[in-house]
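Fold and geometry: a report
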Amino acid sequence: VSFDEDHTQRVASPIDGRAVSLLVKLGDKVRAGQPLIELSSPNVGQLQADAQKAMSDLSLAEKATDRVHKLQGEGAVSEKDVAQAETDLHKARSDSARTTAQLKALGVSASDPAVNVALRAQIGGVVVERNVLVGQEVRADQASPLITVSSLDSVWVLADAYEQDLSLVAEGDAVTVRVPAYPGETFPGKVSHVGDVVDSSTRTVKVRCVVDNKARRLKPEMF
């Protein structure tokens, strides 16, 4: 039994910083948009400065382009000057869109005073892993997630089907799952994927089933 990866979020930081507040604990139920961790980072101030400069450059480029187009109508500027002004405007728009998108991803605007950045849940679910402590330095390129949130209303059940049995398994097939924890009890599901590669050592193919788990009886890592 495994997490349903279609309804699981592994939270990472988009910037380098320090965790100043942990807003959830293991087992907490969270909703989409809820803040999970607050980070402080000097990079936020730099991103805000870059965004403000990009907006200023865009304003100047728009005015310059308008002026060039008016002069073009009067025959006072060359086609080369017009093309250069339009190129500068295109670049300014791209820079402004890029810096604005970076701040939007952090939930911060260019005009905000220095603020902490909140990393938020993108889905509703349960906090199933937390690998960060208050005061811990976090990096944008670190491999392990800070927090994992998963909706446990459905789970994946992963199976190994022997090569000689593949003709008996197809996507969409109904399956019945049994686990040692609940003798005599069954859980209905459906095959959602049959692997395309045979494992050379075990001669098996991975099969993934989706099983309803609204009662939360099935626990990830159960056999």
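Let me sum up the structure you'll find in this document.

What counts, and where the lines are drawn
- Residues numbered from 1 in each chain as written.
- Predicted model: local features only at pLDDT ≥ 70, side-chain atom pairs only at ≥ 80, totals over all residues.
- Heavy atoms only, no water.
- Phe/Tyr/Trp six-rings, centres within 6.5 Å; stacked < 30°, edge-to-face > 60°.
- Lys NZ or Arg CZ within 6 Å of the ring centre and 35° of its normal.
- Helix = DSSP H or I, 4+ residues; strand = E, 2+ residues; numbered from the N terminus.
- Expected span 1.5 Å × (residues − 1).
- Buried < 20%, exposed > 50% of the residue type's maximum accessible area, 1.4 Å probe, protein only.
- Contact = heavy atoms within 4.5 Å.
- Axes fitted to C-alpha atoms, helices over the stretch in contact; angles between N-to-C directions.
- Parallel < 35°, antiparallel > 145°, perpendicular 65-115°, else oblique.
- Left-handed = near helix turned anticlockwise from the far one by under 90°.
- Nonpolar A, V, L, I, M, F, W, Y, C, P; charged D, E, K, R; others polar.

**Description of the packing of aromatic side chains**
Tallied over the full model, the rule gives one aromatic pair. Here Arg 208 stacks its cationic end above the ring of Trp 156, 4.4 Å away from the centre of that ring. When the ring centre of Tyr 182 is taken as reference, the NZ or CZ atom of Arg 217 above it lies at 3.9 Å.

**Section: helix α2 (residues 79-106)**
What sets the pattern is the α-helix's 3.6 residues per turn: residues three or four places apart point alike. Compared with the 40 Å implied by 1.5 Å per residue over 28 residues, the 41 Å span of α2 between its first and last C-alpha is a close match. Of all the positions in α2, only Val 82, Ala 85, Leu 89, Ala 92, Ser 96, Thr 99, Leu 103 and Leu 106 are classed as buried. Tucked inside the fold, the buried residues of α2 contact α1 (42-73) and β6 (117-120).

**Notes on the packing of α1 against α2**
Taken N-terminus to C-terminus, the directions of α1 and α2 make an angle of 155 degrees; their axes are 8 Å apart at the nearest point. Here α1 is positioned roughly antiparallel relative to α2, judged by the angle of their axes. Here α1 and α2 pass one another in a crossing that is left-handed. Residues that form the contact of α1 with α2 fall into these classes: 13 nonpolar, seven polar and nine charged.

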